[in-house]
Amino acid sequence: MTWLESTGEKSFRVKQIEDWLWNKWAKSFDEMANLSKDLRTKMDEIFVIKNLEIATQQKSNDGTIKAAFKLFDANIVEGVLIPKGDRMTACISSQVGCSLTCKFCATGYMDRKRNLEPFEIFDQAKAIAQIAETEFSLPLTNIVMMGMGEPLLNYANVLEGINKIISPQGMGWSPKRITLSTAGIAKMIIKLADDQVKFNLALSLHAANDEKRNQIMPINESNTLSALKESLRYFFQKTKNQITFEYIAFQGFNDGERDAHELANFTRSIGAPIKVNIIEYNPIAEADFVNTSADNLELFISILEKKGIIVNVRRSRGKDIDAACGQLANKQKTAAVA
Ligand code: SAH
């Protein structure tokens, strides 16, 4: 903070100001009671405090809470709290909108307006932690970067935001409880490995065959499965961090026996302990995919398990308020509770 030094203030003021901004969520410089009136006035003339505000908060029948955060420039991003017993997971956004146009994802039908700033990423985590305290009297246990946007296309800000969540001056979190989910940008997965990140990685795979993946995730045209495989192998070799694959089984598209074999072969080729999360498809208005049937899913999973793959089935949460994966598109349903 060179401006502060130029005013002749002592260096410990930086910590005080950071504490007001990051931890106490000061809305104005005037609140910063341990700074001189003179410094507060000067700062007010030069700087703007960019706060995150909870515009609306909705609660699903299953307890999931979706918060719409209003940013300083009036853009809105969404964050979700998913309670499951004592497990409180925050799902947070990395961009306003998204540029990747995945065919099954509501955010993919919005334009990408801008990247979130590091403090906007951190503030979402903090705000959702507060909601968990208020609503359930429980601390947050997990954070997933699975909200709006592609985190690896906002690399520097996302890493800085996560580092703030991890740092003792921020939320003091263990990186092992944080997962970044990506549609798969090979070059950036390699960068994560080179940067020796300590958090977990999830890859939204959804098809283990280039021709099919191209149809539903256009990003696959420039980041093919073989490029992703190489980057993930590298990521695991360098970091040993957990890699999870996310897979939505769409009826009649990628839920056949052959698809299961392709999925098993692809994930095993990474050479790492593999987990596959089968995500229930949350229907969106823009597309006409259908989730696979229960019988089919059973067969699909048995093929994976026979090949030694650990499979979890992730039931959808918060569907009635459009808070489930892929449904985040700034829609408001029912009466919003502020
Ligand atoms: N861009 C990142 C993070 C946001 S999407 C990524 O692609 O991973 C978070 C997860 O929700 C991804 O696995 C995504 O594929 C999944 N998803 C998107 N739309 C969905 C939908 N309609 N139903 C279920 N999951 C969906």
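Since we're looking at a predicted model, the values are computed, not measured.

Draft legend 1. Inspection of the overall build of the protein chain at higher detail. A tally of regular secondary structure across the protein chain gives 10 helices and 12 strands. The globule rule puts the C-alpha radius of gyration for 338 residues at 20 Å, and the 21 Å found for the protein chain is close to it. Projected onto its principal axes, the C-alpha coordinates of the protein chain cover approximately 70 × 45 × 35 Å. Buried positions account for 54% of the 338 residues belonging to the protein chain. Counted over contacts in the protein chain with a minimum sequence separation of 6, partners at least 24 positions apart contribute 65%. Accessible surface for the protein chain amounts to roughly 15,300 Å². Of this, 51% is attributable to carbon and sulfur atoms.

Draft legend 2. Examining the layout of surface pockets more closely. Within this model, the second largest pocket holds a volume of roughly 530 Å³. The wall of the second largest pocket is formed by 18 residues, among which Leu21, Trp22, Val48, Lys50 and Phe119 lie closest to the centre. Of all the secondary-structure elements, those providing two or more residues to the lining of the second largest pocket are α2 (12–23) and α4 (118–136). Top contributing element to the lining of the second largest pocket by residue count: α2, with four residues. Class assignment of the residues belonging to the lining of the second largest pocket gives a composition of 12 nonpolar, one polar and five charged.

Draft legend 3. A look at helix α10 (residues 294–306). Here α10 is 13 residues long and its end C-alpha atoms lie 18 Å apart, about the 18 Å a rise of 1.5 Å per residue gives. Leu297, Phe300, Ile301, Ile303 and Leu304 are the residues of α10 that are buried. Relative to the axis of α10, the buried residues are bounded by an arc of 155° and lie together on one face. Exposed residues on α10 whose side chains face more than 90 degrees from its buried face are Asp295, Glu298 and Lys306. Considering only its buried residues, α10 is in contact with β10 (243–248), α9 (257–268), β11 (274–279) and β12 (310–314). Positive phi shows up at Gly308, right after α10, with a value of about 80°.

Draft legend 4. Focus on the site of the ligand. Taken together, the neighbourhood of the ligand is formed by 21 residues, with Phe104, Ser181, Ser204, His206 and Asn282 sitting nearest. Glu246 has a polar side-chain atom sitting 3.1 Å from an oxygen atom of the ligand. The contact in question runs from a nitrogen atom of the ligand to an N or O atom on the backbone of Asn282, over 2.9 Å. Protein burial of the ligand: of its 540 Å² of free accessible surface, 96% is covered by the chains. Broken down by secondary-structure element, the contributors of at least two residues to the shell around the ligand are β8 (178–182) and β10. For the shell around the ligand, the residue count by class is 10 nonpolar, eight polar and three charged.

Draft legend 5. Highlighting the sheet that holds strand β1 (residues 53–59). Reading across the sheet, the 10 strands line up as β1-β2-β3-β4-β7-β8-β9-β10-β11-β12 and stay open at both edges, with mixed pairing between neighbours. Looking at the sheet topology across the chains shown, the edges are occupied by β1 and β12. For this sheet the average axis-to-axis angle between neighbouring strands, irrespective of direction, equals 20°. Alignment of β11 against β12, held across five bridges, turns out to be parallel.

Draft legend 6. Geometry of the confidence of the model for the protein chain. Per-residue pLDDT for the protein chain has a mean of 91; in total, 95% of the residues score no lower than 70. Residue range residues 332–338 is modelled with pLDDT below 50. Its contacts to residues more than four positions away, or to other chains, number 12 contacts.

Draft legend 7. Summary view of the nonpolar core. Membership of the largest hydrophobic core comes to 92 residues, with the highest contact counts inside it found for Phe104, Leu140, Ile143, Leu192, Phe245, Val276 and Leu304. Here this core gets eight residues from one element, more than from any other, and that element is α4. Counting 10 residues, the second largest nonpolar core, distinct from the first, contains Met32, Leu35, Met43 and Ile49.

Draft legend 8. Spatial organisation of the packing of α9 against α10. Across the interface, α9 lies against α10 with an axial gap of 9 Å and an inter-helix angle of 35°. Note on packing geometry: the crossing formed by α9 with α10 is right-handed. Along its contact with α9, which presents Glu257, Asp259, Ala260, His261, Leu263 and Ala264, the element α10 presents Leu299, Phe300, Ile303 and Leu304. Residue composition of the contact of α9 with α10, by class: seven nonpolar, one polar and two charged.

Draft legend 9. Spatial organisation of the pairing of β11. Counting buried positions along β11 gives five out of six residues, so the element sits mostly inside the fold. As defined by bridge partners, β10 adjoins β11 across six bridges and the pair is classed as parallel. Counted as the bridge partner of Ile248 is Ile279 from β11. Regarding topology, α9 serves as the crossover connection from β10 to the parallel β11, and that connection is right-handed. Between β11 and its parallel partner β12, the chain crosses via α10, and the hand of that crossover is right-handed.

What counts, and where the lines are drawn
- Residues numbered from 1 in each chain as written.
- Predicted model: local features only at pLDDT ≥ 70, side-chain atom pairs only at ≥ 80, totals over all residues.
- Heavy atoms only, no water.
- Helix = DSSP H or I, 4+ residues; strand = E, 2+ residues; numbered from the N terminus.
- Rg over C-alpha atoms; globule rule 2.2 N^0.38 Å.
- Buried < 20%, exposed > 50% of the residue type's maximum accessible area, 1.4 Å probe, protein only.
- Contact = heavy atoms within 4.5 Å.
- Areas by Shrake-Rupley, 256 points an atom, 1.4 Å probe, with all protein chains shown as cover.
- 1 Å grid on protein atoms, 1.4 Å probe; cavity = no way out; pocket = protein on both sides within 12 Å on 5 of 7 lines; lining within 4 Å.
- Points joined across faces, edges and corners; volume = space filled by probe spheres on them.
- Nonpolar A, V, L, I, M, F, W, Y, C, P; charged D, E, K, R; others polar.
- Expected span 1.5 Å × (residues − 1).
- Arc of directions from axis to C-beta.
- Near = heavy atom within 4 Å.
- Polar contact = N/O pair within 3.5 Å; in protein donor to acceptor, adjacent residues only side chain to side chain.
- Pairing = 2+ DSSP bridges.
- Axes fitted to C-alpha atoms, helices over the stretch in contact; angles between N-to-C directions.
- pLDDT = per-residue confidence, 0-100.
- Core = buried A, V, L, I, M, F, W, Y, C linked by side-chain atoms within 4.5 Å.
- Left-handed = near helix turned anticlockwise from the far one by under 90°.
- Right-handed = clockwise from strand over helix to strand, strands pointing away.

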